[in-house]
Amino acid sequence: MDFQRPLLIAAILAVSFMLLLEWNKFQQAHQSAQTAANVQAATAPSTDAPAVPQAAAGNADNTVPSVPGTTPAAVADSGIGQLVDVYTDTFQVKIDTLGGDLVMVALRDYPAEISTPDKPFVMLTRTGGKVYIAQSGLIGDNGTDSSGERPRFRAQQARYDMTEGSNELAVDLQLADNNGISITKRYTFTRGEHVIRLEYIVDNRSATAWSAHLYGQIKRDRHKPDSTGAVGLAPFLGMATTTEEHNYHKLKFDQMVEKPHKETITGGWIAMVQHYFISAWVPNAKDSNQFYTTYQQQSDSFLLGYTGPRVEVPAGSQGVLATQFYVGPKDVYRLEKLAPYLDLT
């Protein structure tokens, strides 16, 4: 029985070493590159806009996805709009009124550094030469993003705060009335949640039907989280999704360059996986959704997202196109309730 003692000691040492590696990676994932300085810097103009140069240049990037079965339209580079600040118990967010995109999301319940709990961990950003944002819009017959430019919304306030005792905060972005069509892009934040609900509310007071497809996508460049940890052990960084054949399917950046992903399934989700955190678009579980990845060669960046089904709003009525966006930790219990197999991330 004496031989068991050294084996037990060796096993304990091995487990201790692995725990040390994980702790080292955790510490390095929360270092200074994504501190509150990034939060403040997000208010400055960025050279990288949600829209990109026109396709006349030849092999130009295209930010807006195509309607299923059609060719993408060129999108003009139209700069940035005003930034709207949103504060909840879990989030600090900046929304660009050009396109209504989420261009900065910091997690107020997760510190950038353990020693500075008042500085939130920044997930999405468009500063310091880094791009990691969440875009969404409407394409198709009457889509707001189908004319070659992103739409310019207006907000009633420059800052929105979740008040004490309130469980929800709604942030409305308005488009000017266009021939009897009024559109509101609404973000709804819930106390204690890392899920953001997005709705396009269409009020059709015209004499004809209105129709469009809702899309949601993540735009990200290749920048990596601060460090890989001891002895060069790097966590997975890239896209993950669910398919008809595989509950969990993932692709690294180079794989997305070589072979873009494209699949149409009912429900589904698509996520950007980054160490202990993910961001994911989760469309309606009953809809047929087209998921995709696209490599943008000029900016060396990636789009991963989905396009939902065509929705028609008859003349004289209202309609809603809705989706969900998760941005936060890999909370297995929360993710498994949000969508099938999302917890496998």
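Residues numbered from 1 in each chain as written. Predicted model: local features only at pLDDT ≥ 70, side-chain atom pairs only at ≥ 80, totals over all residues. Heavy atoms only, no water.

*Asks:* Please provide a residue-by-residue account of the packing of aromatic side chains, values included.
*Replies:* Here the structure, examined in full by the defined rule, presents 7 aromatic pairs. Centroid distance phenylalanine 291 to tyrosine 306: 5.8 Å. Interplanar angle 35°. Geometry classified as tilted. Of the two residues, phenylalanine 291 sits in strand β17 (residues 288–296) while tyrosine 306 sits in strand β18 (residues 301–313), which places them 15 residues apart along the sequence. What makes tyrosine 306 buried here is its relative accessible area of 2%. Here a set of aromatic residues connected by ring pairs shows up, and it is made of Tyr110, Phe121 and Phe277. Directly above the ring of tyrosine 87 sits arginine 159, whose terminal nitrogen or CZ lies 3.9 Å from the centroid. Against the face of phenylalanine 236 rests lysine 250, its NZ or CZ located 4.6 Å from the ring centre. (Phe/Tyr/Trp six-rings, centres within 6.5 Å; stacked < 30°, edge-to-face > 60°. Helix = DSSP H or I, 4+ residues; strand = E, 2+ residues; numbered from the N terminus. Buried < 20%, exposed > 50% of the residue type's maximum accessible area, 1.4 Å probe, protein only. Lys NZ or Arg CZ within 6 Å of the ring centre and 35° of its normal.)

*Asks:* Would you mind going over the pairing of strand β15 (residues 270–274) in detail, with residue names and values included?
*Replies:* Where burial is concerned, most of β15 is hidden: 5 out of the 5 residues are buried. Because side chains alternate across β15, one face comprises the buried residues Ile270, Met272 and Gln274, and the other comprises Ala271 and Val273, equally buried. For β15 and strand β16 (residues 277–282), the ladder comprises 5 bridges, and the chain directions are antiparallel. When the bridges of β16 are listed, methionine 272 appears paired with serine 279. (Pairing = 2+ DSSP bridges.)

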